[in-house]
Amino acid sequence: MLTEIIAFFQTVLYAVSVCLLPVVMLGLIVLLLWIVAELGSFCAEALRRRSVKFYHDIDQWLPEVRKSRRLPDNLFRRLPAELRDYFSQLETLQKSGSEEMIEERIEVLIQQREIRLHKRIEKPYLLVRIGPALGLMGTLIPMGQGLASLGQGNLAEMSSSLIIAFTTTVAGLGIGILAFLISTVRGRWMKEDILALELLTDALAGTGEKS
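Here's what I pulled together on the structure shown here. (Residues numbered from 1 in each chain as written. Predicted model: local features only at pLDDT ≥ 70, side-chain atom pairs only at ≥ 80, totals over all residues. Heavy atoms only, no water.)

## Observations concerning the overall build of the protein chain
For the protein chain, the helix and strand inventory stands at six helices and zero strands. Order of helices (α) and strands (β) in the protein chain, N terminus to C terminus: α-α-α-α-α-α. Over its C-alpha trace the protein chain gives a radius of gyration of 27 Å, far above what one expects of a compact globule, namely 17 Å for 211 residues. Counting the 211 residues in the protein chain, one finds 36% classified as buried. Restricting to contacts in the protein chain with at least 6 residues of sequence separation, those with at least 24 account for 79%. Of the roughly 13,200 Å² of accessible surface on the protein chain, a fraction of 66% belongs to carbon and sulfur atoms. Charged side chains in the protein chain number 23 positive and 23 negative. The centres of these two groups are separated by 6 Å. (Helix = DSSP H or I, 4+ residues; strand = E, 2+ residues; numbered from the N terminus. Rg over C-alpha atoms; globule rule 2.2 N^0.38 Å. Buried < 20%, exposed > 50% of the residue type's maximum accessible area, 1.4 Å probe, protein only. Contact = heavy atoms within 4.5 Å. Areas by Shrake-Rupley, 256 points an atom, 1.4 Å probe, with all protein chains shown as cover. Lys, Arg positive; Asp, Glu negative; His and termini not counted. Charge placed at Lys NZ, Arg CZ, Asp CG, Glu CD.)

Next comes the structure, spelled out in C-alpha cells:
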C-alpha cells in the first residue's frame, strides 16, 4: 500500500515537472530579452557617466552653491537625469514661498528620490536570483526525462533532453552573471548620486546648518 502511494506521488510530481518545462523555457526567453534591454540601458548610462564625472570634483562646487543658493548651469547640465529632475523639484519647492515645515518637505523629497534610485537596481538584482533558479529547473527537469528515456533505450530522446538541460543552464547562468555585473555597478552609481544629492541639497537649502 505504501509503495503504491509513493509511486502515485512520484507520477504526479513527474507530470507536474514535465508541464513546468515549457513555462521555464518561456521564462528564460523573457529574461534573456529583459537582460538584453537592461544591458543596452546600462551601456548607454555608462558612456554618459564616463564622459561627465561630476562627482569627482563635487566638493569644489559646494562653496559656490552655498553662497549663491543655486546650482551653476554648467554643474546642472553635468548631473544625471534623475538628479536634474530632483533639483528642479527642489527649486520649485523653494520658490513656492511657503516656509512652513520646509526642512521636512525637503527631507520627504530626498527620501522619495532615494527610493527611486534604489528601485533602479531592484530589477537586475531580481534577475541575479531568478535567472540561475530557472536555469537549474530547466536542467533538472530534462535530466529526469533523459534518465527515463535511457531506461527505455531511447537514446535520441535522451540526447534531446540533455541538450535542453545544458542550454537552459548556460542561459540561466549567463543571465545571472550579466545581472550581477549591472546591479553591482549601478549600486556604486546609486551611492555616488545619493552622496551628491545630499551634499548639494545641504549647500542649497542649508538643511545641515545649525541655528
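## Section: the pattern of salt bridges
Between side chains of opposite charge, a pair can form when the charged atoms approach closely. Counted under the stated rule, the structure contains 12 salt bridges. With a closest N to O distance of 3.8 Å, Glu45 and Arg186 form a salt bridge. One end of the pair, Glu45, is in helix H1 (residues 2–51); the other, Arg186, is in helix H6 (residues 155–205), and 141 residues separate them in sequence. On the accessibility criterion, Glu45 (5% relative accessible area) is buried. Taking the shortest distance from any N to any O, the salt bridge between Arg70 and Asp73 comes out at 3.4 Å. We classify Asp73 as partly exposed; its relative accessible area is 47%. Overlapping salt bridges, with partners in common, bring together Glu38, Glu45, Arg49, Arg120, Arg186 and Asp193 in one network. (Salt bridge = Lys/Arg side-chain N within 4 Å of Asp/Glu carboxyl O.)

## Examining unusual backbone geometry
A positive phi angle, near 60°, is found at Arg69, a position not held by glycine. For Arg69, the position within the fold is in the loop between helix H2 (58–68) and helix H3 (73–78). Judged by its relative accessible area of 36%, Arg69 is partly exposed.

## Observations regarding the packing of helix H4 (residues 81–95) against helix H5 (residues 102–151)
Direction vectors running N to C along H4 and H5 enclose 165°, while the axes themselves pass 11 Å from each other. By the angle class used here, H4 and H5 are roughly antiparallel. Note on packing geometry: the crossing formed by H4 with H5 is right-handed. Together, Glu82, Asp85, Tyr86, Gln89, Leu90 and Leu93 of H4 and Ile102, Arg105, Ile106, Leu109, Ile110, Arg113, Arg116 and Leu117 of H5 make up the contact between the two elements. Within the contact of H4 with H5, the residues separate by chemical class into eight nonpolar, one polar and five charged. (Axes fitted to C-alpha atoms, helices over the stretch in contact; angles between N-to-C directions. Parallel < 35°, antiparallel > 145°, perpendicular 65-115°, else oblique. Left-handed = near helix turned anticlockwise from the far one by under 90°. Nonpolar A, V, L, I, M, F, W, Y, C, P; charged D, E, K, R; others polar.)

## As for the side chain of Thr168
Mapped onto the fold, Thr168 is located in helix H6. Here Thr168 falls in the buried class, since its relative accessible area comes to 4%. Side-chain polar atoms of Thr168 contact the backbone oxygen of Gly138, separated by 2.8 Å. Excluding residues within four positions of it along the chain, Thr168 makes contact with Met25, Leu28, Gly135, Gly138 and Thr139. (Polar contact = N/O pair within 3.5 Å; in protein donor to acceptor, adjacent residues only side chain to side chain.)

## Looking at the nonpolar core
Of all hydrophobic cores here, the largest spans 21 residues; its most connected members are Val65, Leu71, Leu75, Tyr86, Phe87 and Leu200. If you list the elements that add at least two residues to this core, you get H2, H4, H5 and H6. With near-sequence residues (within four places) excluded, Tyr86 lies in contact with Ile106, Leu109, Ile110, Arg113, Leu197 and Thr201. (Core = buried A, V, L, I, M, F, W, Y, C linked by side-chain atoms within 4.5 Å.)

## Points about a negative patch on the surface
Together, Glu103, Glu104, Glu107 and Glu198 make up a negatively charged patch on the protein surface. Examining the composition of the negative patch, we find that three residues originate from one element, H5, more than from any other. (Patch = residues over 30% accessible without salt bridge, like charges linked within 9 Å, V, L, I, M, F, W, Y side chains within 5 Å.)

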